[in-house]
There are 2 protein chains.
Amino acid sequence: MNFNYPNGKRYTPNEIGTARTRGTRKNSSYSNRGMTLEDDLNVTNEFYRERKIAVIHKKPTPVQIVQVDYPNRSAAVIKEAYFKLASTTDYNGVYKGKYIDFEAKETQNTTSFPLKNFHQHQIKHMEEVLNQGGICFVILRFSRFEQVYLLEAKHVITFWERMDNGGRKSITKEEIEQKGHHIPLGYQPRIDYIKIIDRF
Amino acid sequence: MNFNYPNGKRYTPNEIGTARTRGTRKNSSYSNRGMTLEDDLNVTNEFYRERKIAVIHKKPTPVQIVQVDYPNRSAAVIKEAYFKLASTTDYNGVYKGKYIDFEAKETQNTTSFPLKNFHQHQIKHMEEVLNQGGICFVILRFSRFEQVYLLEAKHVITFWERMDNGGRKSITKEEIEQKGHHIPLGYQPRIDYIKIIDRF
């Protein structure tokens, strides 16, 4: 079932989901553990916090609240609300005093990563973060291969501009392998992206 | 009307509101402009982003979504959801590569700032941010005086611990004047907290 965001952008949870929407998928092929990319990153971030390695959180899903009911003194129930497009990326936090900022997405595609996983606001946000000296990247998963890559925001922006100039609407897997950093899946932490950050 | 969060903590929008809940107050005494602390900070952060001074955003209100309806192909309506307690502070971002993190609260009290404006998770988060070398503070407004202060997280933590050890459940206005930094209200930006950060 498809629906649109208020801005008319199509929301396609079953084709190319965000980390969040993958959570609703029934037959997860990922590691046969039923873990989504978001789950893995949450566990990873918890590990980082517990070991005092970094403090990174996922931002709450942005929601426009329209109507709230108070059935009794002890509870407020939101009866009408709508999903809003995020104006930033989903994850941010601090590592050794530095600002860390990233978005996480996965695709069922096998040969490329569609850029429609991102939207203009997020690309603009990445540019702003880089201008301000923050560390900014995306974590991309090819679900069918269970492969995870970290791609620095500067490359994402370049590929986005290529699309804006009439070029392809995706980043090829080859380009991601070449420009990005492969993150081997581990046990603790699951997706050790901080180790990659240490290199650059 | 009062209600409780799922954890039983009481939510008191009309006595001591968060920046967010103040938005619902009808007769705002603040500058007779009908602006809440949250409004002022949003405008300030927008100013900072436009001038490329800093990139700071308010996090979305955390909501637990229970039921979503799809009345037609073009819209998803959240029909049942609940407010969740935030596990972090409301605002964060990047300034000159550094991680910035803060919470904003206001009170109608005239002599002290009640610590029940914060909760244990937020204090723990502030400690974690400081341990990781981030810049962390609170912005406190005494609504009746239209006075705004920046108080560094290290002091908030000390006052919280005093309460935990049986001491008073608030920070006196005198203590805030002494340990905190007064932020004069301006036009552009409204609440120039970055100028204070430059000092420490």
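Residues numbered from 1 in each chain as written. Chains lettered and ligands numbered in written order. Predicted model: local features only at pLDDT ≥ 70, side-chain atom pairs only at ≥ 80, totals over all residues. Heavy atoms only, no water.

The name given to chain A in an unreviewed UniProt entry is Holliday junction resolvase RecU, with Neobacillus vireti LMG 21834 as the source organism. Word for word, the UniProt comment on chain A under Sequence similarities (unreviewed entry) is "Belongs to the RecU family." Annotation of chain A in UniProt includes, under Subcellular location (unreviewed entry), the sentence "Cytoplasm". (UniProt positions renumbered as here; feature names shortened; annotations may be inferred.)

*Asks:* Outline the relation of the copies chain B and chain A, listing residues and values.
*Replies:* Mapping chain B onto chain A leaves a residual RMSD of 0.0 Å; the transformation is a rotation of 180° accompanied by 0.0 Å of translation along its axis. Considering both components of the superposition, the chain copies are consistent with a two-fold axis. Looking at the interface residues of chain B, 100% of them are also at the interface in chain A, so both copies use one shared face. (Least-squares fit on C-alpha atoms with pLDDT ≥ 70 in both. Contact = heavy atoms within 4.5 Å.)

*Asks:* Could you give an account of the packing of helix α2 (residues 120-131) of chain A against helix α3 (residues 153-164) of chain A, naming the residues involved and the relevant values?
*Replies:* Angle between the axes and distance between the axes are the two parameters that describe a pair of packed helices. Residue and element names in this part refer to chain A. Here α2 crosses α3 at 135°, and the two axes come no closer than 10 Å. Here α3 runs oblique to α2, going by the angle between their axes. For the pair α2 and α3, the sense of crossing is left-handed. Contacts between α2 and α3 involve Gln120, Ile123, Met126, Glu127 and Leu130 from the first element and Ala153, Lys154, Val156, Ile157, Trp160, Glu161 and Asp164 from the second. A breakdown of the residues in the contact of α2 with α3 according to their chemical character gives seven nonpolar, one polar and four charged. (Axes fitted to C-alpha atoms, helices over the stretch in contact; angles between N-to-C directions. Helix = DSSP H or I, 4+ residues; strand = E, 2+ residues; numbered from the N terminus. Parallel < 35°, antiparallel > 145°, perpendicular 65-115°, else oblique. Left-handed = near helix turned anticlockwise from the far one by under 90°. Nonpolar A, V, L, I, M, F, W, Y, C, P; charged D, E, K, R; others polar.)

*Asks:* I'd love a proper account of the pattern of salt bridges, names of residues and values included.
*Replies:* A full pass over the atoms with the stated rule returns 20 salt bridges over all chains. Between Arg190 of chain A and Asp40 of chain A there is a salt bridge; the shortest N-O distance is 3.1 Å. Linking Arg190 of chain A in the loop between β12 (181-182) and α5 (193-197) with Asp40 of chain A in helix α1 (residues 37-50), this pair joins segments that are 150 residues apart in sequence. Taken individually, Arg190 of chain A and Asp40 of chain A each receive the classification buried, so the pair is uniform in this respect. Among the salt bridges present, the one from Lys124 of chain B reaches Glu128 of chain B, with a minimum N-O distance of 3.7 Å. On the criterion of helical spacing, the pair formed by Lys124 of chain B and Glu128 of chain B is a turn pair, its members being four residues apart in helix α2 (residues 120-131). Here the salt bridges do not stand alone but share partners, grouping Asp40, Glu106, Arg141 and Arg190 of chain A into one network. (Salt bridge = Lys/Arg side-chain N within 4 Å of Asp/Glu carboxyl O. Buried < 20%, exposed > 50% of the residue type's maximum accessible area, 1.4 Å probe, protein only.)

*Asks:* Quick rundown of the UniProt feature "binding site: Mg(2+)" (unreviewed entry) in chain A? Include the residues and the values.
*Replies:* All names here are of chain A. Residues given the UniProt feature "binding site: Mg(2+)" (unreviewed entry) here are Thr88, Asp90, Glu103 and Gln122. Spanning 35 residues, the named residues nonetheless gather at one spot, since no C-alpha pair among them exceeds 9.4 Å. On the secondary structure map, Asp90 appears in the loop between β5 (75-83) and β6 (91-95). Setting aside anything within four residues of it in sequence, one finds Asp90 in contact with His57, Lys58, Lys59, Phe102 and Glu103. Relative to the assigned elements, Gln122 resides in helix α2.

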